[in-house]
Amino acid sequence: MLLTPQSVELLAPAGTWDVLEAAVTAGADAVYLGGKRFNMRLHRTDTNFDDKTLARAVEYAHSHNVRLYITVNNLISERELPGMREYLKLLNDIQPDSLIIQDMAVLELAREMNITVPLHASVMMNTHNEHSIKTLMDYGITRVVVNRELTLSQLRLLKERTGIELEYFIHGDMCVAHSGQCFHSGVVFGQSSNRGRCLKPCRWPYQLVDSVTGQALTVNDPGPYKLALKDMCMYTALPELIQSGVCSFKIEGRMRTADFISRIVKLYRRAIDRYIADPTGYTFDAADWQELYNYRSRDFSTCYALGNPGASSIGYTGEREPRFFSQAVKEAGVTANAAIPAVKPVKAVSRPTLAVRVASLEGLTSAFKSGADLAYIGGEAFRPDKPWTLKDIETAVDLARQYDKQVVVTTPRITMEREASELEQLFASLETIKPHGLMVSNSGMLRLARHSSSLPVQADFSFNIFNHLTTAWLKANGASKATVSLEATYEHIAELAKHSTLPLELIVHGATEAMVLDHCVPSAVLDNSTASICNRLCSKQNYSLLDSAGQRHDIKIDQYCRNHILFATDLCLLPHLAALTGAGISHYRIEGQHYTPELVGLVTAIYRAELDKLAAGSNYTFDRTLVDQIAAASPRELGIGAFRYRISR
């Protein structure tokens, strides 16, 4: 690859006009910023650009030969769609150089409205495989801000296979969880990280404890901030970064000051220009590095760019944390008031479908015997459970036939190159075994399933569905059913159900996940190790994170060594089934993969009976002792999740 000054774009953030001017003056090739709505930095009213200033900013940047990208990267609720249409029209009129988007609904709107501004996929789209990229390219996406867990080697492969422009974060504040797949803030506070309001529970202090005994594991404990990722800094690895095929080097920090952004842009500008002018003669500039280091906010890490960094990526002491956005709070218990209007008597409806996700054939049998219509199997296997073999799946399908039920095979939420290749082979094998369908977790696996399988395909909660245009997009891409976002409140669900073009499934019970990480918390804390030298600590005991509110978040570790951090309470919407049925929901799901077969049976039987009573029509009354029965048998307390709030902001 012959390098030119156009080979690399240095992309700077701007939250205010003075930062915009500072970034341009310091040498940024492009700047990204957000308006007062639909962007991922909405905590402060004194930042971001109003509609008139957005137009001025585009003119200013273009007059200095600098490209300007506008973030439109929130998830959109049903009632926000008219506002999004209006906003897209405005943005199309002022013609920035791209819109950075997250919600699939914008892809639908862009086609409908003939938007001519190029579209870039936000990092919030969690794009991490070639199949997702090809799907997005079909919809006119010209650049992808790729998943931050991807290494430079993986980026090079994606570039070779797709040819698309890749944008990668090179400096600044990073999330420890996979982007677009963190629901902690949205469920606990009603302030969604996917809608620009994250209150950063990953920056809370936690104690690592034994899940069974509750005993604190303090040997080698490096400090309380066990999820506090250090700031990304790729300055020391610029040659590797440039040679990886990444075209846009993105600096994070739209809330930062002009002085802070100006310094970072100048230092990276000098290093990039020196390398491009003379790659073989390039040497590391110790003085510039020292300046960057001296003015750092948190300590630095190359995060996942050069491989899984393990413990070295975490700032355990919290000493350099610039701001704590929130403190741990108790999650809303099952007796908390839910933001649900008074329920009208439910008329007789068709018998709702009840699905249960299970971890074993014993769990599947228990679910079927207790009234489940459908069982989800496969996907992540959480230790000590083992992954589902083809033989297991074949047995599950046979059992489904015996009970006149259905089996749907699920796929992991994160599907990088390894998982995608494995799933391609699985889908081919399932053509013979013939389960009743597939459930996929991202746009890439939807594409792969559609192209390599004849089975019906449905979309899991990880698609973050908030509006009917996203369900229309899924339907157009081959999905037959969709799962509502974990962050959706009752009001969101009721509005979405009126307009969805796909049947909607709602998770109403079970252990749901706040975050999914490539970072292994127990290995990093107890062994101070990287993932590559994992000592299989998860085979010896189970682990949890205890927050300062005294709530325990179990860590479930899958076959890929990813950590899935559960909410402290298991979701229980049993008291609200009448309202949900009245809102038009007819497909319900229990997440029972962390339950014993006995508990799967108990929960399934109770939900089945209540749904059947509702289907029968009038005179339904809810018996609260049913919740007590489930609570007495459950491993965690029960809660109502996002139903505490009228809307998730």
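Located above this text is the structure these notes cover.
Residue numbers run consecutively from 1 along every chain, following the written order of its sequence. Totals for whole chains, interfaces and linings use every residue, but because this is a predicted model, local features are given only for residues with pLDDT of at least 70 and side-chain atom pairs only at 80 or more, for both listing and counting. No hydrogens and no water enter the side-chain calculation; it runs on all heavy atoms of the structure.

K.L.:
How should the overall build of the chain be read in this particular structure?
P.N.:
Working definition: helices are DSSP H or I runs of at least four residues, strands are E runs of at least two. Numbering for both runs from the N terminus. A count of helices and strands for the chain gives 20 helices and 25 strands. C-alpha atoms define the radius of gyration, and 2.2 Å times the number of residues to the power 0.38 defines the globule rule. For a compact globule of 649 residues, the expected C-alpha radius of gyration is about 26 Å, and the chain comes in at 25 Å, within 12% of that figure. Once the C-alpha set of the chain is aligned to its principal axes, its extents read approximately 75 × 55 × 50 Å. For the exposure calls, accessible area comes from a 1.4 Å probe over protein chains only, and a residue counts as buried if that area is under 20% of its type's maximum, exposed if over 50%, partly exposed in between. Here the chain holds 649 residues, and the buried ones make up 64% of them. Working rule for contacts: check all heavy atoms of both residues, and any pair within 4.5 Å makes them a contact. Considering only intrachain contacts with a sequence separation of at least 6, the fraction spanning at least 24 residues in the chain is 73%. Of the accessible surface of the chain, which amounts to about 23,700 Å², a share of 50% is contributed by carbon and sulfur atoms. Charge assignment: positive for Lys and Arg, negative for Asp and Glu; neither His nor the chain ends contribute. To locate a charge, take atom NZ for lysine, CZ for arginine, CG for aspartate or CD for glutamate. For the chain, the separation between the mean place of its 67 positive charges and that of its 70 negative charges on side chains is 2 Å. The accessible surface values rely on the Shrake-Rupley method and a 1.4 Å probe; as for residues, cover is taken only from the protein chains in view.

K.L.:
Help me out: how do you make sense of the packing of aromatic side chains in this one?
P.N.:
To describe a pair of aromatic rings, one takes the distance between the centres and the angle between the planes. Here a pair means two rings of Phe, Tyr or Trp (six-membered ring of Trp) with centres within 6.5 Å. Their orientation is stacked below 30 degrees between planes, edge-to-face above 60, and tilted elsewhere. The full count for this structure, using the stated rule, is 17 aromatic pairs. Relative to Y87, the ring of F38 has its centre 5.9 Å away and its plane inclined at 40°; by these criteria the two rings are tilted. Linking F38 in the loop between β2 (30-34) and α2 (51-63) with Y87 in helix α3 (residues 81-94), this pair joins segments that are 49 residues apart in sequence. On the accessibility criterion, F38 (9% relative accessible area) is buried. Summarising the aromatic geometry, the rings of F183 and F461 are spaced 5.9 Å apart at their centres and angled 65° between planes, so their arrangement reads as edge-to-face. On the criterion of sequence distance, the pair formed by F183 in the loop between β7 (165-172) and α7 (184-189) and F461 in the loop between β16 (457-459) and α15 (468-476) is long-range, its members being 278 residues apart. Both residues of the pair, F183 and F461, belong to the buried class. What links up through ring pairs into an aromatic cluster is the set Y235, Y268, F284, W289, Y293 and F300. Here the guanidinium or amino end of R263 rests over the ring plane of Y295, the centre of that ring lying 3.5 Å away. Positioned above the aromatic ring of Y293 is the side chain of R296, whose terminal nitrogen or guanidinium carbon lies 3.8 Å from the ring centre. Only Lys NZ and Arg CZ are tested; either one counts as a charge over a ring when it is within 6 Å of the ring centre and within 35 degrees of the ring normal.

K.L.:
It is not clear to me how the pairing of strand β15 (residues 437-440) should be interpreted in this structure. Could you clarify?
P.N.:
Looking along a regular strand, one sees side chains alternate from face to face of the sheet. In β15, alternate side chains face the same way, and those of G437 and M439 on one face and L438 and V440 on the other are all buried. When DSSP finds at least two bridges between two strands, those strands are taken to pair. In this sheet, β15 lies alongside strand β14 (residues 406-410) in parallel orientation, the contact comprising three bridges. Bridged to T410 within β15 is M439. A crossover links β14 with its parallel partner β15, the connecting element being helix α13 (residues 417-433), and its sense is right-handed. Pairing of β15 with β16 involves three bridges; the strand directions are parallel. Its bridge partner lying in β16, M439 is registered against Q458. Handedness of a crossover: with both strands directed away from the viewer, a clockwise path from the first strand across the helix to the second marks it as right-handed. What joins β15 to β16 is helix α14 (residues 443-452), and the crossover it makes is right-handed.

K.L.:
Honestly, the side chain of D518 in this entry has me stumped. Any pointers?
P.N.:
In this structure, D518 sits in the loop between β19 (513-517) and α17 (521-527). Under the rule applied, a polar contact is a pair of N or O atoms within 3.5 Å (in protein, one hydrogen donor and one hydrogen acceptor; residues adjacent in sequence only if both atoms are side-chain atoms). Separated by 2.6 Å, the side chains of D518 and R562 make a polar contact. For D518, the residues in contact, after removing those within four places along its chain, are E149, H178, Y304, N308, M416, C561 and R562.

K.L.:
Any chance you could explain the nonpolar core here in plain terms?
P.N.:
Generally speaking, soluble globular proteins have nonpolar side chains that are buried together. One finds L20, L33, I70, L227, F249, L474 and Y607 to be the most contacted residues of the largest nonpolar core, which totals 219 residues. A per-element tally of this core places helix α9 (residues 258-277) first, with eleven residues. Not counting residues within four places of it along the chain, the set of residues in contact with L227 comprises V176, C202, Y206, I314, M515, L517, V521, L545 and I565. Judged by nonpolar contacts, the second largest core, of five residues, contains A355, L374, V408 and M439. Each nonpolar core is a collection of buried residues, namely Ala, Val, Leu, Ile, Met, Phe, Trp, Tyr and Cys, held together in the definition by side-chain atoms within 4.5 Å.

K.L.:
Looking at this structure, I do not really get the packing of helix α11 (residues 361-369) against helix α19 (residues 597-616). What am I missing?
P.N.:
Angle between the axes and distance between the axes are the two parameters that describe a pair of packed helices. Every axis in this analysis is a line fitted to C-alpha atoms, fitted for helices over the stretch in contact. Angles between the N-to-C directions lie between 0 and 180 degrees. Two numbers describe how α11 lies on α19: the axes approach to 8 Å, and their chain directions differ by 20°. Viewed along their axes, α11 and α19 adopt a mutual orientation that is roughly parallel. Relative to α19, the crossing made by α11 is right-handed. On α19, the residues touching E362, G363, S366 and A367 of α11 are P597, V600, G601 and T604. Of the residues belonging to the contact of α11 with α19, the class tally is three nonpolar, four polar and one charged. Should an angle lie under 35 degrees it is considered roughly parallel, over 145 roughly antiparallel, and from 65 to 115 roughly perpendicular; all remaining angles are considered oblique. What makes a crossing left-handed is the near helix being turned counterclockwise from the far one by less than a right angle; a clockwise turn instead makes it right-handed. The classification used treats Ala, Val, Leu, Ile, Met, Phe, Trp, Tyr, Cys and Pro as nonpolar, Asp, Glu, Lys and Arg as charged, and all other residues, Gly among them, as polar.

K.L.:
Quick question: what am I supposed to make of unusual backbone geometry here?
P.N.:
For the bond running from R383 to P384, omega is 15°, close enough to zero to count as cis. Looking at the element boundaries, P384 is found in the loop between β13 (374-378) and α12 (390-403). Unlike most non-glycine residues, Q95 shows phi in positive territory, near 55°. Along the polypeptide, Q95 turns up in the loop between α3 and β4 (98-101). Look at Q95 and you get partly exposed, because its relative accessible area is 34%. Even without being a glycine, D404 presents a positive backbone phi close to 55°.

The quantities given are spatial measurements derived from coordinates; they are silent on function.
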